[in-house]
Amino acid sequence: MATSVALASCAGAAVWLLGERNSAARRARALFAGGGAAGSGPPGWGRLSAELLRARGRLRAEWLALLGGLVLAVLGASVLPVVLGAAGVPLLRRVRLADRVRRDRERRADTVIALCAVLAGEVRAGRQPGEALLRAARDCGGLADAQATVLAAARFGGDVPGALATAARQPGAEGLRGLAACWRVAVDQGAGLADGLDRLAAALRSERDQRSDLRAQLAGARATAVMLAGLPALGLLIGTALGADPLHVLLHTPAGLGCLAAGGLLEGLGLWWVLRIVRGAEAAA
């Protein structure tokens, strides 16, 4: 009975932590605007619920490791799962931040492609390159603080290629170096800027598609690694269902502690090796 209650509590907390922050904010505004509707609950309930929803939005998925450690600590009557869960929090945070950096890089790459395409269209429409760049940069956005430098250079006749090269230092915005080169060639030699931008956009789009295809091909390897990493937890659940009490063996016997240490080490090495192979394939491509 205690096991079922603990597992149900863990599942409920996981759902609570992993819910979308935007939907939570919308529900908070809809339900508790103005202190709550009359008769909807006791006094102060609306404000308390809104604070809980706000707190949920600030929590991150990596805290599920600590939550799982607490549940296992209660089930196994040992403090070791809490320590392991706390150690897993910074690792999961690093994974989450790396994923955020990757998404930002991809967003900037898409922005550069759109900028080249829009700028080519503005130039073909008869606008001067500086004015066309101003319009295209405003329409596309996504270049953060470097966009202000580019806009200022285009508006006041500054070093536009230099500003574009500076903006290209952001991860994912490397394609702006090609735009800077096209700008120099068009200004210095009178070459067609629109044609060069079209070819640059096509090349950047092809490179992005290749990266997407490679990521799709490697998704199977990542999914297999995650599935294999979850098999020990499945074994623990099966053992608990059969009444073998594997948590007591792992956490309170010398042989179990040795197996836990060896298994954790091999698990970590296996995940590291698979991820290393995947990253090597991405870097080679």
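Here the residue index of a chain counts from 1 through its sequence in written order. This being a predicted model, a pLDDT of at least 70 is required before a residue's local features are given, and a value of 80 or more before pairs of side-chain atoms are given or counted; all residues contribute to the totals for chains, interfaces and linings. Side-chain numbers here rest on the full set of heavy atoms in the structure, without hydrogens or water.

## What to know about the overall build of the chain
Which entries qualify depends on this criterion: A run of H or I in DSSP becomes a helix once it reaches four residues, and a run of E becomes a strand once it reaches two; helices and strands are each numbered from the N terminus. Remark: exposure states derive from per-residue accessible area (1.4 Å probe, protein chains only) relative to the maximum for the residue type, with buried under 20%, exposed over 50%, and partly exposed in between. Contacts are assigned to residue pairs that have any heavy atoms within 4.5 Å of one another.
Counting its regular elements, the chain contains 12 helices and 0 strands. Its helices and strands in sequence order give the chain the pattern α-α-α-α-α-α-α-α-α-α-α-α, from N to C terminus. For the chain, with 285 residues in total, the buried portion stands at 28%. For the chain, restricting intrachain contacts to residue pairs at least 6 apart in sequence, the fraction spanning at least 24 positions comes to 59%.

## A look at unusual backbone geometry
Although it is not a glycine, A77 adopts a positive phi angle of roughly 55 degrees. Among the secondary structure elements, A77 is positioned in the loop between helix 4 (63-76) and helix 5 (80-124). Of the residues examined, A77 reaches a relative accessible area of 59% and is grouped as exposed. The phi dihedral of D245 falls on the positive side, at around 55 degrees, and the residue is not glycine. Tracing the chain through its elements places D245 in the loop between helix 10 (193-241) and helix 11 (246-252). Given a relative accessible area of 43%, D245 falls into the partly exposed group.

## With respect to the packing of helix 5 against helix 6 (residues 129-140)
Using the following cut-off: Axes here mean lines fitted to C-alpha atoms, for a helix over just the part in contact, with angles spanning 0 to 180 degrees between N-to-C directions. Throughout, the term roughly parallel applies to angles under 35 degrees, roughly antiparallel to angles over 145, roughly perpendicular to angles from 65 to 115, and oblique to all others. Working rule for handedness: look at the near helix, and if it is turned counterclockwise from the far one by less than a right angle, call the crossing left-handed; if clockwise, right-handed.
For the pair helix 5 and helix 6, the least separation of the axes is 9 Å and the interaxial angle reads 140 degrees. Taken together, the axes of helix 5 and helix 6 lie oblique to each other. Judged by the sense of rotation from one axis to the other, the crossing of helix 5 with helix 6 is right-handed. Touching T111, A114, L115, V118, L119, E122 and V123 of helix 5 are P129, A132, L133, R135, A136, A137, D139 and C140, all from helix 6.

## Let's talk about the packing of aromatic side chains
Note on aromatic pairs: each is described by the distance of the centres and the angle between the planes. Heads up, the rule is: Each pair of aromatic rings taken from Phe, Tyr and Trp, with Trp reduced to its six-membered ring, is defined by centres within 6.5 Å and is described as stacked if the planes are under 30 degrees apart, edge-to-face if over 60, and tilted in the remaining cases.
A full pass over the atoms with the stated rule returns 1 aromatic pair. Ring centres of W272 and W273 lie 6.0 Å apart, and the angle between their planes is 50 degrees; on these two criteria the pair is classed as tilted. Classification of W272 by relative accessible area gives partly exposed; the value is 49%.

## A look at the pattern of salt bridges
How we decide: For this document, the term salt bridge refers to a Lys or Arg side-chain nitrogen within 4 Å of an Asp or Glu carboxyl oxygen.
Inspection of the entire model under this criterion finds 13 salt bridges. R215 is the partner of E106 in a salt bridge, and the nearest nitrogen-oxygen pair spans 2.8 Å. Placement of E106 in helix 5 and of R215 in helix 10 is noted, with a sequence separation of 109 residues between them. We note a salt bridge from E131 to R135, for which the minimum N-O separation is 3.7 Å. Of the two residues, E131 and R135 are both situated in helix 6; the distance of 4 residues between them amounts to about one turn of the helix. Judged by its relative accessible area of 38%, E131 falls in the partly exposed class.

## Some points on a nonpolar patch on the surface
Selection criterion: Each patch is built from salt-bridge-free residues with over 30% relative accessible area, joining like charges within 9 Å and nonpolar side chains (Val, Leu, Ile, Met, Phe, Trp, Tyr) within 5 Å. Accessibility throughout is a Shrake-Rupley quantity obtained with a 1.4 Å probe, and a residue counts as covered only by protein chains that appear here.
On the surface, a cluster of nonpolar side chains totalling about 720 Å² of accessible area is made up of M227, L228, L231, L234, L237, I238 and L242. Turning to its location among the elements, L237 is positioned in helix 10.

## Focus: helix 5
Selection criterion: The span expected for a helix works out to 1.5 Å for each residue beyond the first. For a residue, the bend is simply the angle between two axes, fitted respectively to the seven-residue segment ending there and the seven-residue segment starting there.
Helix length check: helix 5 (45 residues) gives 67 Å between terminal C-alpha atoms against 66 Å at 1.5 Å per residue, within 8%. V89 marks the point of greatest bend in helix 5, at about 25 degrees, and the proline P90 comes within the next four residues.

## As for the nonpolar core
Quick note on the threshold: Grouping buried Ala, Val, Leu, Ile, Met, Phe, Trp, Tyr and Cys residues that are joined through side-chain atoms within 4.5 Å yields what is termed a nonpolar core.
Judged by nonpolar contacts, the single largest core of 34 residues is most densely connected at L119, L133, L176 and L179. Sorting the residues of this core by element identifies helix 5, helix 6, helix 7 (146-155), helix 8 (160-167), helix 9 (176-189) and helix 10 as the ones contributing at least two each. With 7 residues, the single largest contributor to this core is helix 5.

## A closer look at the environment of C116
Tracing the backbone through its elements, the reader meets C116 in helix 5. Distance from C116 to A137, taken between C-alpha atoms, is 9.5 Å for residues 21 residues apart in sequence. Setting aside anything within four residues of it in sequence, one finds C116 in contact with L197, L200, A201 and L204.

## Some words on helix 6
Across its 12 residues, helix 6 extends 16 Å between first and last C-alpha, which sits within 8% of the 16 Å expected from 1.5 Å per residue. For helix 6, the complete set of buried residues consists of G130, A132, L133, L134, A136 and A137.

## Here's the deal with the confidence of the model for the chain
To keep it simple, the criterion reads: Each residue carries a pLDDT score, the predictor's confidence in it, ranging from 0 to 100.
Across the chain, the average pLDDT comes to 76, with 75% of residues at 70 or higher. Taken as a whole, residues 1-43 scores under 50 in pLDDT and shows 36 contacts with residues more than four places along the chain or in a different chain.

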